[in-house]
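This is what each chain is made of:
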Amino acid sequence: MTGAVRRWYGAWQRTRLGTRITLGLGALALVVFAAVGVTTVGIMHGYLDRRLDEQLSKSQNTQLPQLRETHGSPQSVYSWYSALYKVQGGVAVPEPGGKLPGDAGQLAKIAAEAVGGDVTRNIHLRDDGPYRVRACPVDTDSVLLSAAPQQDLDGTVQQLIWVEVAAFALALGVLVIVGRLVLRRGLRPLADMAGTAHDIAAHDLTANPALPARAAGTGGGAEVEELRTAFNVMLAHIDTSLAAKTEANERLRRFVADASHELRTPLTSIRGYADLFRYAAANEPAEREAHLAKIREETARMTVLVDDLLLLARLDARAAETPLRPERVDLAELAGDAADAFAAGRPDHPVTSALSAAFVGADPVRLRQVLDNLLANAAVHTPPGTPVHVEVTASEAEAIVRVTDSGPGIAVGDQERIFDRFFRVDDSRTRGNGGTGLGLSVVQSLVTAHGGTVGVESVPGRTTFSVRLPLAP
C-alpha cells in the first residue's frame with residue numbers, strides 16, 4: 001500500500017503545473033458541488049416532510065370534532081390509509097369502516113402508543129413501500145391513525161438529485177476545460193522563460209560568456225511580471241559575473257605569462273654569467289668580479305620582482321592575512337623623507353615640495369613604498385633634467401598627495417592601463433632601466449588596502465599622480 005501511494009505521489013509530482021492546478025480546481029469544485037447538492041437535497045427533503053406532516057395534521061384535526069361525537073368511520077383523504085382504533089389493555093383494534101393495508105400490524109402498534117399523545121413515524125409496508133404515519137387520540141380509548149405514502153416525495157427528491165448531478169457534472173466539465181485554457185494562457189510566460197533558460201543552456205559559454213537572451217513578452221499578471229523582472233536581473237547578474245570571471249581569468253593568464261617571462265630573463269642572464277664565470281675562473285680576477293657583479297645585479301632584480309609579486313598576492317588575499325601594520329603617521333613627514341631620498345638618488349631630476357601636515361592611519365613602511373614608487377616612476381619615464389614636484393594637502397576628510405613631473409606625458413590609451421600589472425608605457429626603456437611593470441600596480445593595491453584611491457592626469461608637459469587617503473580620527 002505504501003509503495004502504491006509513493007508511486008502515485010511521484011506521478012503527481014511529475015505532472016505539469018497547469019494540469020495539477022486544473023485537477024486541484026476540479027477536485028475543489030467537486031467537493032463544493034457535493035456539499036451544495038447534499039445541503040439542497042436535505043433542505044428539500046425536510047421541507048417536503050414538513051409539508052406532508054402538516055397535511056396529515058390538518059386532515060386529522062378537521063375530523064376530530066365529528067369523530068368525538070359520532071365515533072363513525074374516518075374520511076379517506078387522497079390515497080391515504082385511515083382508520084379509527086379502539087385501544088383496550090394496550091391493544092389497538094381497528095373499528096369497522098376504516099381503510100387499512102394488508103400488513104396493518106405496524107399501524108396497530110403505533111395506534112396503541114398514541115393513547116397518551118400524538119405519534120408520528122416512518123414505516124415501510126411490505127406491499128406498498130414507505131409511508132408517513134400519524135396517530136392522535138380522539139378520546140380516552142380511541143385513536144385516529146392516518147398513513148400517507150412517501151413514494152411521490154422520494155420520487156421528487158430523487159429527481160432533484162439527478163438534476164443536480166447533471167447540472168454539477170456539466171458545470172464541472174466546463175470549469176475544468178475553461179480553467180485549463182485560462183491556465184495554459186496564464187502560464188505561457190513561464191513556458192517562455194523556460195524556453196529562454198533552455199536557449200541559454202544550449203549556448204557555449206566557454207567560447208562566448210555573454211548570455212544570448214533575456215525573458216521577453218508581457219502578460220501573466222503582477223506575479224509573473226515580477227518573476228520575469230527577477231529572472232532578467234538574475235541573467236544580467238550572471239552575465240556580468242561571467243564577464244568579470246572571464247576578464248579575471250584573462251588577466252591571470254597574462255599575469256602568469258608576464259611573470260614567467262620576467263623571471264626567465266634574469267634567470268637566463270644569471271645562467272649565462274655563471275657559465276662565463278666558470279670559463280673565466282682561471283683568468284683575470286677583474287673579469288671574474290665583473291661576472292659576479294652581473295650575477296648579483298640580476299639576482300637583485302629578480303628579488304625585487306619576486307617581492308613585488310609576493311606583496312601583490314598578499315594584498316589580494318588580505319582578508320586572510322593583511323600585510324599592513326597601520327599607525328597614526330604624518331603624511332607630510334613621509335613625503336619629505338621620500339623627496340630627500342629621491343633627490344639624493346636621482347640628482348639629475350630636481351625635486352621640489354610643498355607639504356602640509358596631514359595625519360593618516362597607515363602602515364608607514366608601505367606608504368613610503370607608495371611614495372618611492374611614484375617618484376621612481378617619474379624619474380624612469382622622463383628625460384634627465386625634468387623637474388619633479390611633491391605636494392601634500394589636507395581637506396576636511398582626506399589627505400591628498402600629488403607627484404607631478406614635467407615630462408612628455410602619457411597617451412590617453414595608456415592611461416587606462418597604467419595600473420595594470422606588467423604594463424609598460426615604453427617597454428624597451430623601462431626594461432633597460434630595470435623596471436618590472438609592477439610599480440604602479442603595487443601603488444594601487446597598497447592605496448586601496450589603506451582605503452584610499454589613486455588616479456592619474458596627464459597632458460604633454462605635465463603628469464600628476466594623486467593619492468587620496470582618509471584622515472585619521
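Quantities reported herein were computed from a predicted structural model and do not represent experimental measurements.

> Explanation requested: the overall build of the protein chain in the structure shown.
The number of helices and strands found in the protein chain is 12 helices and 12 strands. Within the protein chain, contacts between residues at least 6 apart in sequence are counted, and of these 63% link residues at least 24 apart.

> Would you mind showing me how to read the packing of helix H9 (residues 364-380) against helix H12 (residues 439-449) here?
The relative placement of two packed helices is expressed as an angle between their axes plus a distance between the axes. Packing of H9 against H12 leaves a shortest axis separation of 9 Å and a crossing angle of 145 degrees. As H9 packs across H12, the resulting crossing turns out to be left-handed. On H12, the residues touching Arg-366, Gln-369, Val-370, Asn-373, Leu-374 and Asn-377 of H9 are Gly-439, Leu-440, Val-442, Val-443, Leu-446 and Val-447. Within the contact of H9 with H12, the residues separate by chemical class into 7 nonpolar, 4 polar and 1 charged.

> Is there a simple way to think about the pairing of strand E5 (residues 142-149) in this case?
On a regular strand, each side chain points to the face opposite its neighbour's, so the side chains alternate between the two faces of the sheet. With 7 of 8 residues buried, E5 is to be regarded as a mostly interior element. Inspection of the sheet shows strand E1 (residues 81-88) paired to E5 by 6 bridges, in the antiparallel sense. Looking across to E5, one finds that Ser-82 is bridged to Ser-146. In this structure, strand E4 (residues 129-137) lies alongside E5, joined through 7 bridges in antiparallel fashion.

> Would you mind showing me how to read the UniProt feature "transmembrane region" (unreviewed entry) in the protein chain here?
With numbering aligned to this structure, UniProt lists the feature "transmembrane region" (unreviewed entry) at residues 21-48 and 160-183. Split by type, residues 21-48 is 100% helix and 0% strand. Its first and last C-alpha atoms lie 40 Å apart. The distance from the first to the last C-alpha atom of residues 160-183 is 33 Å, and the span holds 100% helix and 0% strand.

> Would you explain the nonpolar core in this entry?
Nonpolar side chains in soluble globular proteins generally cluster together in the buried interior. Grouped together as the largest cluster of nonpolar side chains are 38 residues, with contacts concentrated most on Leu-374, Ile-418, Phe-465 and Val-467. Elements that contribute at least two residues to this core include exactly helix H8 (331-345), strand E8 (359-362), H9, strand E9 (388-394), strand E10 (398-405), H12, strand E11 (453-459) and strand E12 (462-470). Top contributing element to this core by residue count: H9, with 7 residues. With residues up to four places along the chain from it excluded, the contact list for Leu-374 reads Val-403, Leu-440, Val-443, Phe-465 and Val-467. In this structure, Val-87, Leu-107, Val-119 and Leu-125 belong to the second largest nonpolar core, which totals 19 residues.

> Would you explain the sheet that holds E5 in this entry?
Pairing between sheet strands relies on hydrogen bonds along the backbone, with the strands arranged either parallel or antiparallel. Strand order across the open sheet formed by 5 strands is E2-E1-E5-E4-E3, with antiparallel pairing between neighbours. This sheet does not close on itself; its edge strands, each paired only once, are strand E2 (91-94) and strand E3 (119-125). Direction aside, neighbouring strands of the sheet carry axes that sit 30 degrees apart on average. By the bridge criterion, 7 bridges tie E3 to E4 in an arrangement that is antiparallel. Bridge pairing in E4 links Thr-120 to Arg-134. Strand contacts of helix H3 (residues 105-113): E1, E2, E3, E4 and E5, with the helix running at about 170 degrees to E3, the strand carrying the most contacts.

> I keep staring at the pattern of salt bridges and nothing clicks. Help me out?
Pairing between side chains becomes possible if they bear opposite charge and their charged atoms approach one another. Here the structure, examined in full by the defined rule, presents 7 salt bridges. Of the charged contacts, one joins Glu-54 and Arg-51 as a salt bridge, the two residues approaching to 3.7 Å between their closest N and O atoms. With Glu-54 and Arg-51 both in helix H2 (residues 17-70) and 3 residues apart, the pair spans about one turn of that helix. Glu-54 sits in the partly exposed class, given a relative accessible area of 47%.

> Would you mind going over the confidence of the model for the protein chain with me for this structure?
Reading fine detail from the predicted coordinates is not recommended where pLDDT is low. Taken over all residues, the pLDDT of the protein chain has a mean of 79, while the share at 70 or more is 75%. Low pLDDT, under 50, characterises residues 427-434; the stretch is placed with 14 contacts to residues that sit more than four places away or in other chains.

> Looking at this structure, how should I read the packing of aromatic side chains?
Given two aromatic rings, one states the distance between the centres and the angle between the planes to describe the pair. Under the definition given, this model contains 3 aromatic pairs. When the centroid spacing of 4.9 Å and the interplanar angle of 15 degrees are considered together, the rings of Phe-33 and Phe-168 count as stacked. On the criterion of sequence distance, the pair formed by Phe-33 in helix H2 and Phe-168 in helix H4 (residues 151-186) is long-range, its members being 135 residues apart. Take Phe-168: its relative accessible area is 22%, and that puts it in the partly exposed class.

> What should I look at first to understand the sheet that holds E12 in this one?
The strand order across the open sheet formed by 5 strands is E7-E9-E10-E12-E11, and the pairing between neighbours is mixed. Either end of the sheet is taken by a strand with one partner, and the two such strands are strand E7 (351-355) and E11. For this sheet, the mean angle separating the axes of adjacent strands, direction not counted, is 15 degrees. As defined by bridge partners, E11 adjoins E12 across 7 bridges and the pair is classed as antiparallel. Along E12, the bridge assignment pairs Val-456 with Phe-465. Set on the sheet, H8 makes contact with E7, E9 and E10; between it and E7 the angle comes to about 175 degrees. The sheet strands contacting H9 are E9, E10 and E12, and the helix crosses E12 at an angle near 175 degrees.

> Just to check I follow, could you spell out the packing of H8 against H9 for this structure?
Interhelical geometry of H8 versus H9 gives an angle of 45 degrees and a closest axis separation of 10 Å. One element, H8, and the other, H9, form an angle in the oblique class. With respect to the hand of their crossing, H8 and H9 are arranged in right-handed fashion. Contact with H8, carried on its side by Leu-331, Leu-334, Ala-335, Asp-337, Ala-338, Ala-339, Ala-341 and Phe-342, involves Pro-364, Leu-367, Arg-368, Leu-371, Asp-372, Leu-375, Ala-376 and Ala-379 of H9 and no other residues of that element.

> How should the environment of Gly-42 be read in this particular structure?
As for its placement among the helices and strands, Gly-42 is situated in helix H2. Separated by 115 residues in sequence, Gly-42 and Val-157 place their C-alpha atoms 9.0 Å apart.

> Any chance you could explain H12 here in plain terms?
Every α-helix carries 3.6 residues per turn, so stepping three or four residues along brings you back to the same face. Residues of H12 that are buried include every one of Leu-440, Ser-441, Val-442, Val-443, Ser-445, Leu-446 and Val-447, and no others. Of the residues one or two after H12, Gly-451 is the one with positive phi, at around 85 degrees.

> Even after reading the chapter, I still don't get a nonpolar patch on the surface, so can you show me in this structure?
A contiguous nonpolar surface patch, about 580 Å² in accessible area, is contributed by Leu-170, Val-174, Ile-177, Val-178, Leu-181 and Val-182. The residue Val-182 is located in helix H4 in this model.

The rules behind these values
- Residues numbered from 1 in each chain as written.
- Predicted model: local features only at pLDDT ≥ 70, side-chain atom pairs only at ≥ 80, totals over all residues.
- Heavy atoms only, no water.
- Helix = DSSP H or I, 4+ residues; strand = E, 2+ residues; numbered from the N terminus.
- Contact = heavy atoms within 4.5 Å.
- Axes fitted to C-alpha atoms, helices over the stretch in contact; angles between N-to-C directions.
- Left-handed = near helix turned anticlockwise from the far one by under 90°.
- Nonpolar A, V, L, I, M, F, W, Y, C, P; charged D, E, K, R; others polar.
- Buried < 20%, exposed > 50% of the residue type's maximum accessible area, 1.4 Å probe, protein only.
- Pairing = 2+ DSSP bridges.
- UniProt positions renumbered as here; feature names shortened; annotations may be inferred.
- Core = buried A, V, L, I, M, F, W, Y, C linked by side-chain atoms within 4.5 Å.
- Salt bridge = Lys/Arg side-chain N within 4 Å of Asp/Glu carboxyl O.
- pLDDT = per-residue confidence, 0-100.
- Phe/Tyr/Trp six-rings, centres within 6.5 Å; stacked < 30°, edge-to-face > 60°.
- Parallel < 35°, antiparallel > 145°, perpendicular 65-115°, else oblique.
- Patch = residues over 30% accessible without salt bridge, like charges linked within 9 Å, V, L, I, M, F, W, Y side chains within 5 Å.
- Areas by Shrake-Rupley, 256 points an atom, 1.4 Å probe, with all protein chains shown as cover.

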